[in-house]
Amino acid sequence: MAHARRKFYEAWTIAEERASAWYLKQFQELYRLEKEPDHDRVRDSLPVLKEIKQRLDSDHLNLPKQSKTHGAVSYMLNQWGPLSVIFDHSAAPLDNNPVEQVIRPTKLGAKNWLFIGHPKAGLRSAILYTILQNCHLSGHNPQEYLLDVLNRLAREDRSDPEFISSLTPKNWKPAASQ
């Protein structure tokens, strides 16, 4: 959502296109709704998203193709499938800005690390960064988390889905506190 919003923001600030202001207000409403404690995406946000979709379809046909707002509209329409997935996964955040901020150093260093030893090294690094950042976001010490989880994986039945779910940083509790 943040990428789509950014395109409208650029159209509004750089090109001063008024058509983008309406979209920015709708994004503002979506983010405001997300902060409410009893927020229900389907009940509260879906109507806003449907209104956005109607306006996107209309503006795609009516705005000048060379305008920045038309570019933002086209981008959002092309990304509509992935953007609307959040209504199927209520636990997912509205956007992935926190994750992108965390992986930025890795992305910037990717060219330097292009040949770090193995074709699967990039995927493995991404998995480790994801686990470590989820530890930070969940308030856990990553080293303590990894030591505990690796020990449990070596000792316990890994075929139990509830056991595996209990080991995710979001659900993990240190062995000493159980």
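Structure's up top.
One structure accompanies this document, and this report is about it. Model, not experiment: these values are computed from the prediction.

## What about the pattern of salt bridges?
Inference 1: Tallied over the entire structure, the rule returns 7 salt bridges.
Inference 2: The shortest N-O distance in the salt bridge between Arg32 and Glu29 comes to 2.7 Å. With a gap of 3 residues between them, Arg32 and Glu29 both fall in helix 2 (residues 19–35), about one helical turn apart.
Inference 3: Glu29 sits in the partly exposed class, given a relative accessible area of 27%.
Inference 4: A salt bridge links Glu36 to Arg32, with the nearest nitrogen and oxygen atoms 2.4 Å apart.
Inference 5: Through salt bridges with shared partners, a single ionic network connects Glu29, Arg32 and Glu36.

## Notes on the nonpolar core
Inference 1: Counting 21 residues, the largest nonpolar core has Met1, Phe8, Ile52, Leu56 and Met76 as the members making the most contacts within it.
Inference 2: Of all the secondary-structure elements, those providing two or more residues to this core are helix 1 (2–13), helix 2, helix 3 (41–62), helix 4 (68–78) and helix 5 (80–84).
Inference 3: Broken down by element, the residue count for this core peaks at 5 residues, all from helix 2.
Inference 4: For Met1, the contacting residues outside a window of four places in its chain are Phe27, Tyr31, Leu49, Met76, Leu83, Ile86, Leu94 and Asp95.
Inference 5: Core analysis: the second largest hydrophobic core is formed by 6 residues, Cys135, Tyr145, Leu167 and Trp172 among them.

## A word on the packing of aromatic side chains
Inference 1: What the rule picks out here adds up to 5 aromatic pairs.
Inference 2: On the basis of an interplanar angle of 20° and a centroid distance of 4.3 Å, the ring pair of Phe8 and Tyr23 is categorised as stacked. Here the residue Phe8 occupies a position in helix 1, and Tyr23 occupies one in helix 2, the gap between them amounting to 15 residues. One exposure class covers both Phe8 and Tyr23, and it is buried.
Inference 3: Their ring planes at 85° and their centres at 5.0 Å tell us that Trp22 and Tyr23 sit as a pair that is edge-to-face.
Inference 4: Residue Trp22 is classed as partly exposed on the basis of its relative accessible area, which comes to 21%.

## Some remarks on a positive patch on the surface
Inference 1: Among the surface-exposed residues, Arg5, Arg6, Lys7, Lys68 and Arg104 lie close enough to one another that they form a single positively charged patch.
Inference 2: The dominant element in the positive patch, judged by the number of residues it contributes, is helix 1, at 3 residues.
Inference 3: As for its placement among the helices and strands, Lys68 is situated in helix 4.

Calculation notes
Position numbers for residues count from 1 along each chain, tracking the sequence in the order it is written. For a predicted model such as this one, the threshold for reporting local features is a pLDDT of at least 70, and the threshold for listing and counting side-chain atom pairs is 80 or more; totals across whole chains, interfaces and linings nevertheless cover every residue. As a rule here, side-chain values come from all non-hydrogen atoms in the structure, and water together with hydrogens is ignored. Every case where a carboxyl oxygen of Asp or Glu lies within 4 Å of a side-chain nitrogen of Lys or Arg is listed as a salt bridge. Put simply, DSSP H or I for four residues or longer makes a helix, DSSP E for two residues or longer makes a strand, and each gets a number counted from the N terminus. Buried residues are those whose accessible area, probed at 1.4 Å on protein chains only, stays under 20% of the maximum for their type, while exposed residues exceed 50% and partly exposed ones sit between those limits. For this analysis, a nonpolar core means a set of buried residues of the types Ala, Val, Leu, Ile, Met, Phe, Trp, Tyr and Cys, connected via side-chain atoms within 4.5 Å. Contacts were defined at the residue level, with two residues in contact if any of their heavy atoms lie within 4.5 Å. Between the rings of Phe, Tyr and Trp (Trp by its six-membered ring), a pair exists once the centres lie within 6.5 Å; its type follows the angle of the planes, with under 30 degrees stacked, over 60 edge-to-face, and the other angles tilted. The patches described consist of residues with a relative accessible area above 30% and no salt bridge, like charges being joined within 9 Å and nonpolar side chains (Val, Leu, Ile, Met, Phe, Trp, Tyr) within 5 Å. For the area figures, the Shrake-Rupley method with a 1.4 Å probe applies, and any residue is considered shielded solely by the protein chains shown. Only four residue types enter the charge count, namely Lys and Arg as positive and Asp and Glu as negative; His and the chain termini do not. Charge coordinates come from a single atom per side chain, which is NZ of Lys, CZ of Arg, CG of Asp or CD of Glu.

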